[in-house]
Amino acid sequence: LGLNHMSVHYQPQVSLTTGGITGAEALIRWTDPEMGPVSPGAFIPLAEDSGLIESLTDIMFETAMRDMAEHLRTGSFYISFNLSAHDMAKSRYFDMISARLHELGIAPAKIAIEATERGFFDVAQANDIIKLYHEAGHSIFIDDFGTGYSSLSYLQHLAIDVIKIDKAFVDAIDTGSATSSVIIHIIAMAKQLNLKIVAEGVETAAQAGFLKLHGVDAGQGFYYAQPMPANAFLRYIDQDRDLADL
């Protein structure tokens, strides 16, 4: 893996109530000098298999802090970071984040943690780590909800704040397919548990309208913005602020 050629892009998460930016997901990108951009679906499993996932996670966090520290101190948005199953199995990453945020003067609430359901092979162990983040003031997101080991039993016992509905369910909105009604049940379940909801992969106005109608809190996807480098994301936020002042 070309760790020297990694960068971080940011994809906004937008309030479906106000239309304002609530935060952004940090996404690692690799541009190989010879091959060009490499899909995360290809290099992240490679990093996990080769034992480099910790280095990748560190690079993503440090790059984001370099890009965003000043704006996280003064702005009202958060940045969310994906943790792999490997990261969820130990407290090393929590210790590193806590020390760095303290050093930079950034409130823990400005950093959200996204964990995939696939990271919960050992729910008890995962919950111990999640509690560390939660009690320190970080919001906890369950990423790709509905694609892993979804069950009410573990959702009720994990210290989580937000579920992210997987793109597959958003794609099925208004298609009449067998999965098109599943999203309504997911939303109802989240509300019953007093969890906030972010929908991933929103690509059309019709999808955004459906999600807003059914009380989803925020959306993320190409309908709003593609993942973008830090300077473009900060311009996007400034534009959002300017519109809010009108």
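Residues numbered from 1 in each chain as written. Predicted model: local features only at pLDDT ≥ 70, side-chain atom pairs only at ≥ 80, totals over all residues. Heavy atoms only, no water.

1. Concerning the packing of aromatic side chains
Going through the model one piece at a time under the given rule, you end up with eight aromatic pairs. When the ring of F61 is compared with that of Y93, the centres are 6.2 Å apart and the planes differ by 80°; the resulting orientation is edge-to-face. Here F61, found in helix α2 (residues 53-74), pairs with Y93, found in helix α4 (residues 92-104); they are 32 residues apart in sequence, far enough to count as distant. Accessibility classification places F61 together with Y93 in one group, the buried group. Arranged with centres 5.2 Å apart and planes meeting at 90°, the rings of F94 and Y133 form a pair that is edge-to-face. Of the two residues, F94 sits in helix α4 while Y133 sits in helix α5 (residues 123-136), which places them 39 residues apart along the sequence. A residue is classified by how much of its surface remains accessible, and F94, at 12% relative accessible area, is buried. The rings of Y10, F77 and F233 are connected pair by pair, giving a single aromatic cluster. (Phe/Tyr/Trp six-rings, centres within 6.5 Å; stacked < 30°, edge-to-face > 60°. Helix = DSSP H or I, 4+ residues; strand = E, 2+ residues; numbered from the N terminus. Buried < 20%, exposed > 50% of the residue type's maximum accessible area, 1.4 Å probe, protein only.)

2. Some words on the pairing of strand β4 (residues 78-83)
Counting buried residues in β4 gives five out of six residues, a clear majority hidden from the surface. Pairing of strand β2 (residues 21-32) with β4, which is carried by three bridges, proceeds in the parallel orientation. Along β4, the bridge assignment pairs A24 with I79. As paired elements, β4 and strand β5 (residues 111-116) share five bridges and run parallel to each other. When the bridges of β5 are listed, L83 appears paired with A115. (Pairing = 2+ DSSP bridges.)

3. Considering the layout of surface pockets
One number sums up the size of the largest pocket: a volume of about 840 Å³. In terms of lining residues, the largest pocket is bounded by 35 residues, among which E25, L27, I44, N82 and D143 are the most central. Residue composition of the lining of the largest pocket, grouped by class: 13 nonpolar, eleven polar and eleven charged. As for the second largest pocket, its lining consists of 13 residues, and the residues nearest its centre are T22, Y78, F141, V162 and K196. A per-class count over the lining of the second largest pocket returns seven nonpolar, three polar and three charged. (1 Å grid on protein atoms, 1.4 Å probe; cavity = no way out; pocket = protein on both sides within 12 Å on 5 of 7 lines; lining within 4 Å. Points joined across faces, edges and corners; volume = space filled by probe spheres on them. Nonpolar A, V, L, I, M, F, W, Y, C, P; charged D, E, K, R; others polar.)

4. Some words on the environment of E25
Looking at the secondary structure, you find E25 in strand β2. The class of E25 is buried, set by a relative accessible area of 4%. Between the alpha carbons of E25 and I113 there is a distance of 9.6 Å; along the sequence they are 88 residues apart. Setting aside chain neighbours within four positions, we find E25 in contact with H9, Y10, Q11, Q13, S80, N82, E114, D143, K164, E200 and Q220. Among the polar contacts made by the side chain of E25, one reaches the side chain of N82 at a distance of 2.6 Å. (Contact = heavy atoms within 4.5 Å. Polar contact = N/O pair within 3.5 Å; in protein donor to acceptor, adjacent residues only side chain to side chain.)

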